[in-house]
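Each chain is listed here by its residues.
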Amino acid sequence: MSSNTQRKPWVRTTATLTSVRNNPADAASATSVTVPIRGWIRRFRADITAGTGTPTITAFVSETSTAAGTFDKVLSYTTATDPLDAEEDPGVFYSISESANANRKNGLLYLNAITSDSTADHTIVLQLDIEPAV
């Protein structure tokens, strides 16, 4: 006899970074996205949509806006060609604090990317697919 397994709908969140360049100090310019407080990151994508040259991308997902510590980073991709499209199987689990807003089942993750080009004229679109944890 088979059991009825219910899965929650996946969440897709997108953010856009502008004036991106090759400077690790730019990590402080991470952009926040609202996500479920617990879940599995199933897919991460980054696409350079504007800028000069054909730089590579270094991108990460973190629990804090500065990602200063090693343990702040949930997921990290280094020196990937554009576009970066990574499926995580079985997924990367995360658990974060609730936001102080009305919906207490959501929190913030931070997305950031830098390029291999020092010219600050790049626009990068970042996207996460998340399967919420029950």
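Reference entry: report on the structure contained in this document.

## Quick notes on the nonpolar core
F44, V61 and L109 are the most contacted members of the largest nonpolar core, which totals 28 residues. At the level of elements, strand 1 (11-20), strand 2 (31-36), strand 3 (38-50), strand 4 (57-62), strand 5 (73-80), strand 6 (84-95), strand 7 (106-115) and strand 8 (122-132) are the ones that each hand at least two residues to this core. Not counting residues within four places of it along the chain, the set of residues in contact with F44 comprises A59, V61, Y77, L84, D85, A86, L111, L126, Q127 and L128.

## Things to note about the pattern of salt bridges
Enumeration over the complete set of coordinates arrives at three salt bridges. Salt-bridge contacts for R12 lead to D129; the nearest nitrogen and oxygen are separated by 2.7 Å. Taken together, the positions of R12 in strand 1 and D129 in strand 8 put the pair 117 residues apart, joining distant regions of the chain. Look at D129 and you get buried, because its relative accessible area is 7%. Ionic pairing is found between R42 and E131, a salt bridge with its closest N-O pair at 2.5 Å. Pair noted here: R42 is in strand 3 and E131 is in strand 8, with a separation of 89 residues, a long-range link. E131 gets classed as buried once you look at its relative accessible area, which sits at 9%.

Reading guide: rules and limits
Residues numbered from 1 in each chain as written. Predicted model: local features only at pLDDT ≥ 70, side-chain atom pairs only at ≥ 80, totals over all residues. Heavy atoms only, no water. Core = buried A, V, L, I, M, F, W, Y, C linked by side-chain atoms within 4.5 Å. Buried < 20%, exposed > 50% of the residue type's maximum accessible area, 1.4 Å probe, protein only. Helix = DSSP H or I, 4+ residues; strand = E, 2+ residues; numbered from the N terminus. Contact = heavy atoms within 4.5 Å. Salt bridge = Lys/Arg side-chain N within 4 Å of Asp/Glu carboxyl O.

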